[in-house]
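Observations on the three-dimensional arrangement
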Amino acid sequence: LPLTPVLLYLDDVSVSFDGFKAINGLSLAIEAGEMRAIIGPNGAGKTTMMDIITGKTRPDSGDVLFEGDMDLTQHDETEIAQAGIGRKFQKPTVFEDQTVRENIELALAGERSVFASLFYQESEADKARINALLDTVRLTHRASELAADLSHGQKQWLEIGMLLAQDPKLLLVDEPVAGMTDAETIETAKLLREIAKTRSVIVVEHDMGFIRDLDVKVTVLAEGSVLAEGSLDHVSAHPDVIESYLGR
Ligand code: ADP
């Protein structure tokens, strides 16, 4: 085992759909405070891997350990979210008819009951927290505008801000820069690097320029298991990686 603390550990995980092994003996260790990029051809099992980590799909075999001893295969999606794993899906899902600030407020209020929310007064600490989150996701100047009026990229950032409001220990991010402008893509790499200073992040992406900007360890998935792991230059030079992308 590595010497740094492992936050998430997948050990020999497999799952089949109708006899087809979507995940096939997958092992993966994500350290506390690490950002990891996951790449791989379509059908490699990237989405299924995220589904397993977040409790949406239960593996047929293998262990998925969070913080050493929490076996995620024994918990449902809500429990896993509460344990500190946040997931950003590819499409932004913000409240379009609320302001940017209200979206963050709603995310922070997520844990309060509807009844408690009726009587809730925002404290100075909450305000400071909301301002800091808006700052982190580059949306302070748009705080009082409707989320509907944001660009696609800004909606992605807003949703990342909403997830950060839950203070996850691990954030899973699925193709964040798909559909973004070049400037937004560059900014998103910076944003994720900032976020990864205080938590672990797993990013699934196809955009190799973006992965290069992230400058993190890369895991290449193919046919449901790890094909190669290391720096982008290291995995790009791997003959099996070239084969799995360009071959067939
Ligand atoms: P990726 O995200 O890397 O493109 P997926 O995890 O979506 O790969 O899919 C891996 C394989 O598992 C694909 O062949 C896909 O068709 C299959 N698969 C994924 N989910 C299901 C499901 N719920 N039922 C049947 N097959 C599935």
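Fair warning: this is a prediction, and the values are worked out from it, not measured in the lab.

1. Re the pairing of strand β2 (residues 20–31)
Note: strand β1 (residues 6–17) against β2, nine bridges, orientation antiparallel. Counted as the bridge partner of Ser16 is Lys21 from β2. Turn length for the β1-β2 hairpin, with the two strands adjacent in sequence and antiparallel, is two residues, and the turn residue Asp18 shows positive phi of about 50 degrees.

2. What to know about the environment of Glu79
The residue Glu79 is located in helix α2 (residues 77–82) in this model. Those residues in contact with Glu79 that sit more than four places away from it in its chain are Met70 and Gln74.

3. Focus on the domain arrangement of the protein
The assigned domain composition of the protein is domain 1 (1–83 + 216–248) and domain 2 (92–169 + 180–198). Inter-centroid distance (C-alpha atoms) of domain 1 to domain 2 is 28 Å. Taken residue by residue, the interface counts six residues in domain 1 and four residues in domain 2. A buried area of about 400 Å², summed over both sides, lies between domain 1 and domain 2, and 66% of it is on carbon and sulfur atoms. The interface formed by domain 1 and domain 2 holds one salt bridge in total. Close ionic contact of Lys169 with Glu67 constitutes a salt bridge, the shortest N to O distance being 3.3 Å. At the boundary of domain 1 and domain 2, one finds one residue pair in polar contact (both at pLDDT 80 or more).

4. Things to note about the sheet that holds strand β10 (residues 225–230)
Adjacent strands of a sheet pair through backbone hydrogen bonds, lying either parallel or antiparallel. Taking strand neighbours across the sheet as the criterion, the six strands line up as β6-β7-β8-β3-β9-β10 in an open arrangement whose pairing is mixed. Single-partner strands in this sheet number two, and they are β6 (85–88) and β10. Strand after strand, the sheet turns through a mean of 20 degrees between neighbouring axes, direction not considered. Both strand β7 (residues 170–174) and strand β8 (residues 200–204) contribute to a ladder of five bridges, which runs parallel. Bridge assignment links Leu172 to a residue of β8, and that residue is Ile202. Packing of helix α1 (residues 46–53) onto the sheet brings it into contact with β3 (35–39), β6, β7, β8 and β9 (217–222), and relative to β7 it is tilted by some 150 degrees.

5. Things to note about helix α5 (residues 124–136)
Relative to the 18 Å expected for 13 residues at 1.5 Å per residue, α5 spans 18 Å between its end C-alpha atoms, a close match to the ideal helical length. Those residues of α5 not exposed but buried are Asp126, Ile130, Leu133 and Leu134. One face of α5 carries all of its buried residues, which in axial projection span an arc of 100 degrees. Among the exposed residues of α5, those pointing more than 90 degrees away from its buried face are Glu124, Ala125 and Asp135. Structurally, α5 contributes buried residues whose contacts are with α3 (100–109) and α6 (152–164). Trailing α5 by a residue or two, Arg138 shows a phi angle of about 60 degrees, which is positive.

About the thresholds
- Residue positions are counted from 1 within each chain, in the order its sequence is given.
- A pLDDT threshold of at least 70 governs which residues receive local features in this predicted model, and a stricter bar of 80 or more applies before side-chain atom pairs are shown or counted, although totals over entire chains, interfaces and linings include all residues.
- As a rule here, side-chain values cover all heavy atoms of the structure and leave hydrogens and water aside.
- Strand pairing follows a simple DSSP-based rule, namely that at least 2 bridges must link the two strands.
- Secondary structure elements follow DSSP: runs of H or I no shorter than four residues count as helices, runs of E no shorter than two count as strands, and numbering proceeds from the N terminus.
- Two residues form a contact once any of their heavy atoms are found within 4.5 Å.
- Segment limits for the domains were obtained from an automatic or database-derived domain assignment.
- Here the quantity called buried area is the accessible surface, traced with a 1.4 Å probe, that two parts lose on coming together, added over both.
- Salt bridges are defined by distance alone: a side-chain nitrogen of Lys or Arg within 4 Å of a carboxyl oxygen of Asp or Glu.
- Within 3.5 Å is the distance limit for a polar contact, defined as a pair of N or O atoms, with the added protein rule that one can donate a hydrogen and the other accept it, and that residues adjacent in sequence qualify only through two side-chain atoms.
- To get an axis, fit a line to the C-alpha atoms, keeping to the stretch in contact for a helix; angles then go from 0 to 180 degrees between the N-to-C directions.
- Expected helix span is given by 1.5 Å per residue-to-residue step, counting one fewer step than there are residues.
- Residue burial is assigned from relative accessible area. The probe radius is 1.4 Å, only protein chains are included, and a residue is buried under 20% of its type maximum, exposed over 50%, and partly exposed in between.
- Along the arc lie the directions from the helix axis toward the C-beta atoms.

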